[in-house]
Amino acid sequence: MYSINMHLLMPSSGKTRKDNDLRSETKMDNVELHRFPPSEGVFSDAVSSVRICSARRNPRLGSSIHARLLKSGLANDVFVCNSLLDMYAKSEHIGQAAKVFDQISERTVESWTAIMSGYCQNGRVDEVFSLFERMLEALPPNEYTMAVLLQACARKGDQKLTQVVHCFVIKYEYETDNFLQNSLIDAYAKSGMLGTAEQVLDRLSCRDVVSWTSAISGHASNGTMKSALLLFFRMQGEGILPNEVTILSILRACSSIKQWRIFQWVHGLVMKTEWCRNSLVMNSLVEMYAVNGYFKEAIELFSHFCFSGEGEYLSPETMASLIQGCGHSGYFSLGKDLHAYLVKHRFFPCTAIENSLMDMYGESGQIDFVSQLFRQMNFKDIVSWNTLMTCLVKNKQFSEVLKLLGKIHAAGAEENVFPDFITMLTSIQACSSLASLQLGQVIHGYATRTGFISDIFVQNSLIDMYGKSGRSDFAVQVFKEMPLRDLGAWNSLIAAYGFNGDAISALKILAKLKKSDTHQPNAITFTSVLSACAHGGLINEAFDIFSRMKKDHGVDPRMEHFACMVDLIGRTGGLEEALALIDKMPMRPGPDVWGALLGACVLFSNVEIAERAASELSALQPNCNTWRVALSNVYAGVGRWKDAAKARAEAHGFKELLKGGGWSSVEVKGHLHTFMAADTSHPKSKMIYEVVNGMQEQIKCIAITDPRIAS
C-alpha cells in the first residue's frame, strides 16, 4: 500500500495557490519568449493535430504525427510534449507516455498532471502517488492535479490516502472549488467513508447533480440502498434533476431492496420522464424486474421498448436475463419466441445469450437441442461448459457430465478454458448421483491439486458425495479437515450418516451443532436428522426432535418434515398412525407426504390406505405415473391382478408424459453396473434376484418382530 510522506503537508517556502499561479505564469512567459518555433501557425497546427488524435483515441496516427514533430524539432516544446503525453495516456499507451515525460527537460504542472492522469486511467494508482511526491519537490499542484489524485483515491478505495489528499486540498486553498468538492465526495464514498462524503455534501453551498449523484452512487455501491433513496429524495426536494448515472444508481438500489412498491415507484419515475427512451436505463429497469422474479413485468417492458416503432433493442446481457427467466419460470414457449427474435435481429454470435439459451432448453428437458447449441457456438467459455454440464445433471445424464470434465481438461490449454469451482461442484454432484466412489476420489484429488478444495461449497459437496457412496468415514475426514465450517457442512455430514443408516452418529453431530457458538440447526438440518432416524428406525428420538423443533429452535415443521415422519411411521407398519398425522397437519399435505404413505402401503400391502393416498395424489399430480405404478404394485401384492393391470394400463395411457425407463447403478471394484426394473440382462441376474427377495423378507420380519419397532 502506498503512503504519502506526511511532512509534505507542512507549510514550506510559502507555496500557496497564488504563488503557484504566479510561477506557472512565469514559466508560460518563458515558453512564449524562448520556445516557440519560427512559424506560430505550424506550432498551432501540431498541437491541434495531436489533440485530435487524443480525442479520437488514435495512437497510430498520433505516433506518425509524433515522428513528424521530432523531425521538425517541435517535439522539444513543452506544450507539444504535454499534448503528446495526453494522447498516449488516453490511448492506453502509458509506456510511450512515460518516455515522452522523461524527455521533457523543464516540466510544467500540466506535464505532471498529464502523466499522473495517464497512470490513473490505466489503473496504476500507486505510480500516481509516487509521481505526486516527486512533483512536490519541484512544483506545487493545481486543482486539476488534485482532481487526478482524488480519482486515484476513488479507484484505490484507500480511506487514509483520501484523507491525506483532502488535507492537500485545504493546504493549497482549493476547498471552495466545486469540482474538487464533488471529487472529494466521490473519493470518500468509494472508499467506504459514506458519513464523511455526506458531510462534504452538506457543507457545499452550491450542490449540483454531480454532487448528489456521487453520494447516491457511493451508497448504492456500498450496499446502503435505503440511504441512497433518501439522498435521492433530498435531491428532488432541492429541485435538482437527475442525470443518467443517478437513475442507474437508483435502479440498482431499488433492485437490491426487493420491494414491489419500490419497483412500481421507480418504474413510474422512469416512464413519465425522458429516461424511458434511454437504452441503459431501460435495460436496468428490465433487469430489476427479471432478477427479482417479476418476469411478466420484465417481458412487458421489453415489448414496450423494442416494439414501439423506434427500432430500439435491449442489450445482449439483458436479453440473456430474460431468456434465463423463461427457463426458470417455465415459459418455454415464450423462450422459443425470444430465440426467434434474437435470430431475426442478428444477436448471434453472442456467448452470453447462447449460454442462457442452453440453460432455458435444459430446464425444459430438451437436452439434444442443448447439445446442438453447444456444438454450434463459435466461442465457448467455461460458463458454456458449466451450463451444458448442469443441464446434463438436471436431465440425469451423469456419465456424460464426467466425460465433459475430461474434455475440458484436455482442451483447456488450447482453448484457454479451465475448470472453475462450478465445474467441480457439478462433477462432484454427478459422482454423488452415480454413487461412484472411485471417480469421486479422482475428482477429490484433482480439486486438491488445483486448489478448489479450499472452496467451502466444494468441501460440502465432497461430504455429500462420500455419504451417498457409502463412505461416511471419508465424509467425516473431509469435515474434520475443513478450517471453517458453515451450517451446510454440518447438514451434509448429518445427511451422510443418514444415507448409511447410522442414525446414532447423526444425532451425535446434531448435539454438537446445538452446542456450537457459530451455528444453530435450521429446517434443512431437521429434515436430514428426521430422515436419518427414519432410515435407522429411531422412532422415539424422531418424535422427540419433531415435537421440539419449534419450541427449542424456532423452526416450524414444514412439508418435508411431515413427509419424513410419515415415512418413518410407515416403515414400521404404523399406517393408521401415519394417516392420522397427515390429517392433523396445519397445511394441506403435498405429494411428498402422500407419496411416502403410498410407498409404505406397497411394503405392507394395505389396499384401503393406498387407495386413499392414490386418490389424493390423482388430484395433486394428475399427469404423474409414479403413484399409479405404486398403486398397481399394492394391488399385485394382494393378488388383485385385474386392478393392478388397470392401474398399469392407466399409467401407460399417458404416453406423452412417459420418459425413458428409470435405471439404477452400483459400483463394484471400480466398474459401474446399471440396471432397470425387472432387468434380466446381467449374467448373474438369477442369483441377484434371490438375494434381493431374501433381503425384502428379512426387512418385513424385522419391521414386525423387532421390539424396538413394535413398541
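Look a little higher up for the structure.
A brief look at the structure comes next. (Residues numbered from 1 in each chain as written. Predicted model: local features only at pLDDT ≥ 70, side-chain atom pairs only at ≥ 80, totals over all residues. Heavy atoms only, no water.)

Another point: the packing of aromatic side chains. Scanning the model with the defined rule gives 19 aromatic pairs in all. Judged by centre distance (6.2 Å) and plane angle (40°), the ring pair of tyrosine 341 and phenylalanine 347 falls under tilted. For tyrosine 341, a relative accessible area of 9% gives the class buried. Among the residues examined, phenylalanine 347 registers a relative accessible area of 12% and is labelled buried. A cation over a ring is seen here: arginine 485 above phenylalanine 479, with NZ or CZ 4.4 Å from the ring centre. (Phe/Tyr/Trp six-rings, centres within 6.5 Å; stacked < 30°, edge-to-face > 60°. Buried < 20%, exposed > 50% of the residue type's maximum accessible area, 1.4 Å probe, protein only. Lys NZ or Arg CZ within 6 Å of the ring centre and 35° of its normal.)

So, on to the side chain of threonine 525. Assignment of secondary structure puts threonine 525 in helix 30 (residues 523-536). One polar contact links threonine 525 to asparagine 491, side chain to side chain, over a distance of 2.5 Å. One polar contact links threonine 525 to asparagine 522, side chain to side chain, over a distance of 2.8 Å. (Helix = DSSP H or I, 4+ residues; strand = E, 2+ residues; numbered from the N terminus. Polar contact = N/O pair within 3.5 Å; in protein donor to acceptor, adjacent residues only side chain to side chain.)

Following phenylalanine 348, the chain continues to proline 349 via a peptide bond in cis, the omega torsion being 0°. Its place among the elements puts proline 349 in the loop between helix 19 (332-344) and helix 20 (351-363). Positive phi, normally seen in glycine, also occurs at lysine 258, with a value near 60°. By the secondary structure assignment, lysine 258 is in the loop between helix 14 (244-257) and helix 15 (260-271). Although it is not a glycine, arginine 346 sits at a positive phi angle of roughly 60°. The residue arginine 346 is located in the loop between helix 19 and helix 20 in this model.

Moving on, we get to the pattern of salt bridges. Counted according to the given criterion, the structure contains 17 salt bridges. Between aspartate 556 and lysine 550 there is a salt bridge, with the nearest N and O atoms lying 3.2 Å from each other. Looking at lysine 550, the relative accessible area reads 46%, which means it is partly exposed. Across the pair arginine 640 and glutamate 611 runs a salt bridge, and its minimum N-O distance is 3.7 Å. Within this pair, whereas arginine 640 is found in the loop between helix 36 (626-637) and helix 37 (641-652), its partner glutamate 611 is found in helix 35 (residues 607-620), the two being separated by 29 residues in sequence. Residue classification places arginine 640 among the partly exposed positions, given a relative accessible area of 33%. Relative accessible area serves as the criterion here: at 35%, glutamate 611 is assigned to the partly exposed category. By sharing partners, the salt bridges in this structure join Asp359, Glu363 and Lys394 into a single network. (Salt bridge = Lys/Arg side-chain N within 4 Å of Asp/Glu carboxyl O.)

So far we have only geometry, and geometry alone does not tell us how the molecule works.
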